[in-house]
Amino acid sequence: MSSPPSTAAPTPTTVPHPVSLQALMVKKYNGGNLRLARVLARNAAYTRYHVTYTSGLLTISGIMNVPSTPGPHPALVLNHGYIDPAVYTNGRGLMREQDYLARRGYVVLHTDYRNHAQSSDDPRSELDLRLGYTEDVINAVLALRTSEYVDPARIGLLGRSMGGGITYNVLVAQPGLVKAAVVFAPVSSDAVDNFNRWTRPDRPIATTILRTYGEPARNPTFWRNLSAVNFFDRVTEPVLIHHGASDSTCPIAWSRETLAALKAAGKNATMYTYPGEEHAFGPAWPTSMARTVTFLKQQGL
């Protein structure tokens, strides 16, 4: 993963490529219309709702856990990792985290992303290299700000695997949107690493993407502008990274390189590594979550 010189946000006279982080920097967002629909579960600690909210022209589904204690509460948007949309169901992914955090007083909004569960379809999602997921998370934060259960000044992000990459994108696209961010076993902050590992072997979509935008070696500007690592100078929030040393899905080297790039940009970034832990986290998961809550409270969340 490389770290070319940082690229500033486009000036008002510059029209960014529509598939770029710069486009997300200047985009107007309309997250709102957060609707708590049916109750999915209820226990002594929290109530779990099926929810929808607005993201651009789309409606995005998700779940929201609302603590039983008096609010308004700090809140977290949870960004799940890759699950095939064909088998994905509402609220799937980060189930342990959803429960753990709600029991500790956080409103938890787990977004399904476009093309998942009951969310609207976006036929361009793959060709747009899933940047629409980042838009959906930004709009999720804005929607949460309108909730009577949430303190709008105390919202953070937690992302896992692909959702960790989405979290990085949000931090560079909309600095100041949240108070802090936590990522578990994240993908690379360089889009080329992720493309080469997962998309390139998927020949039909890879062929279409490369025909449209070109190989990274032939069109480096396009790929550089998809990569959060090249915009870490814009990050304003503290970042906590958790990564298992035995992760065979997302190499720990990616997080070490991301941490180094954040530090080189002068940012508040911390990383915990877990010997023997694989991608999903097993025995060290309780420790990682206790560290997460400590970190969030240190940031006022």
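Residues numbered from 1 in each chain as written. Predicted model: local features only at pLDDT ≥ 70, side-chain atom pairs only at ≥ 80, totals over all residues. Heavy atoms only, no water.

Peer 1: Quick rundown of the nonpolar core? Include the residues and the values.
Peer 2: Membership of the largest hydrophobic core comes to 66 residues, with the highest contact counts inside it found for L21, M64, L144, L157, W223 and F232. The element contributing the most residues to this core is helix α3 (residues 131-144), with 9 residues. Not counting the four nearest positions on each side in its chain, W223 is found in contact with L129, A191, V192, F195, I209, L210, G214, E215 and P216. Counting residues in each nonpolar core, the second largest holds 24 residues, with L101, A180, A185 and A284 among its members. (Core = buried A, V, L, I, M, F, W, Y, C linked by side-chain atoms within 4.5 Å. Buried < 20%, exposed > 50% of the residue type's maximum accessible area, 1.4 Å probe, protein only. Helix = DSSP H or I, 4+ residues; strand = E, 2+ residues; numbered from the N terminus. Contact = heavy atoms within 4.5 Å.)

Peer 1: Can you lay out the pattern of salt bridges for me, pointing to particular residues and giving the numbers?
Peer 2: Overall, the coordinates contain 9 salt bridges when judged by the stated rule. A salt bridge links D136 to R114; the shortest N-O distance between them is 2.7 Å. Remark: R114 occurs in the loop between β5 (107-111) and α3 and D136 occurs in helix α3; sequence separation between them is 22 residues. Relative accessible area serves as the criterion here: at 0%, D136 is assigned to the buried category. Residue classification places R114 among the buried positions, given a relative accessible area of 6%. In this structure, a network of salt bridges that share partners links the residues K27, R114, D122, E135 and D136. (Salt bridge = Lys/Arg side-chain N within 4 Å of Asp/Glu carboxyl O.)

Peer 1: Give me the lowdown on the sheet that holds strand β2 (residues 46-55), citing residues and values where you can.
Peer 2: Pairing is mixed in the open sheet, where 9 strands are placed in the order β1-β2-β3-β5-β4-β6-β7-β8-β9. Every other strand in the sheet has two partners, leaving β1 (32-42) and β9 (269-274) as the edge strands with one partner each. The mean inter-strand angle of the sheet, taken between neighbouring strand axes irrespective of direction, is 20°. As judged from the 6 bridges shared by strand β8 (residues 239-244) and β9, these two strands associate in the parallel manner. Bridge assignment links L240 to a residue of β9, and that residue is T270. The sheet contacts of helix α2 (residues 95-102) involve β2, β3 (58-67), β4 (73-79), β5 and β6 (150-160), and relative to β3 the element is tilted by about 45°. (Pairing = 2+ DSSP bridges. Axes fitted to C-alpha atoms, helices over the stretch in contact; angles between N-to-C directions.)

Peer 1: Account for the side chain of T134, with residues named and values stated.
Peer 2: Tracing the backbone shows T134 in helix α3. Under the relative-accessibility criterion, T134 is labelled buried at 0%. Side chain to side chain, T134 and N169 meet in a polar contact 3.2 Å long. In this view, T134 contacts L24, I166, N169 and V170; residues no more than four positions away in its chain are not counted. (Polar contact = N/O pair within 3.5 Å; in protein donor to acceptor, adjacent residues only side chain to side chain.)

Peer 1: An account of the packing of α3 against helix α4 (residues 162-173) is needed here, citing residue identities and associated values.
Peer 2: At their nearest, the axes of α3 and α4 sit 9 Å apart, and the two run at 65° to each other. As summarised for this structure, α3 and α4 are arranged roughly perpendicular, according to the angle between their axes. Along this stretch, α3 crosses α4, giving a crossing that reads as right-handed. Contacts between α3 and α4 involve L131, Y133, T134, V137 and I138 from the former and M162, I166, N169, V170 and A173 from the latter. Class assignment of the residues belonging to the contact of α3 with α4 gives a composition of 8 nonpolar, 2 polar and no charged. (Parallel < 35°, antiparallel > 145°, perpendicular 65-115°, else oblique. Left-handed = near helix turned anticlockwise from the far one by under 90°. Nonpolar A, V, L, I, M, F, W, Y, C, P; charged D, E, K, R; others polar.)

Peer 1: How would you summarise the environment of P220 if you had to cite specific residues and measurements?
Peer 2: Note on placement: P220 falls in helix α7 (residues 220-224). What makes P220 partly exposed here is its relative accessible area of 41%. Measuring from C-alpha to C-alpha, the distance between P220 and R103 comes to 45 Å, with 117 residues separating the pair along the chain.

Peer 1: Give a detailed account of the confidence of the model for the protein chain, specifying residues and quantitative values.
Peer 2: Across the protein chain, the average pLDDT comes to 95, with 96% of residues at 70 or higher. Residue range residues 2-7 is modelled with pLDDT below 50. Its contacts to residues more than four positions away, or to other chains, number 17 contacts. (pLDDT = per-residue confidence, 0-100.)

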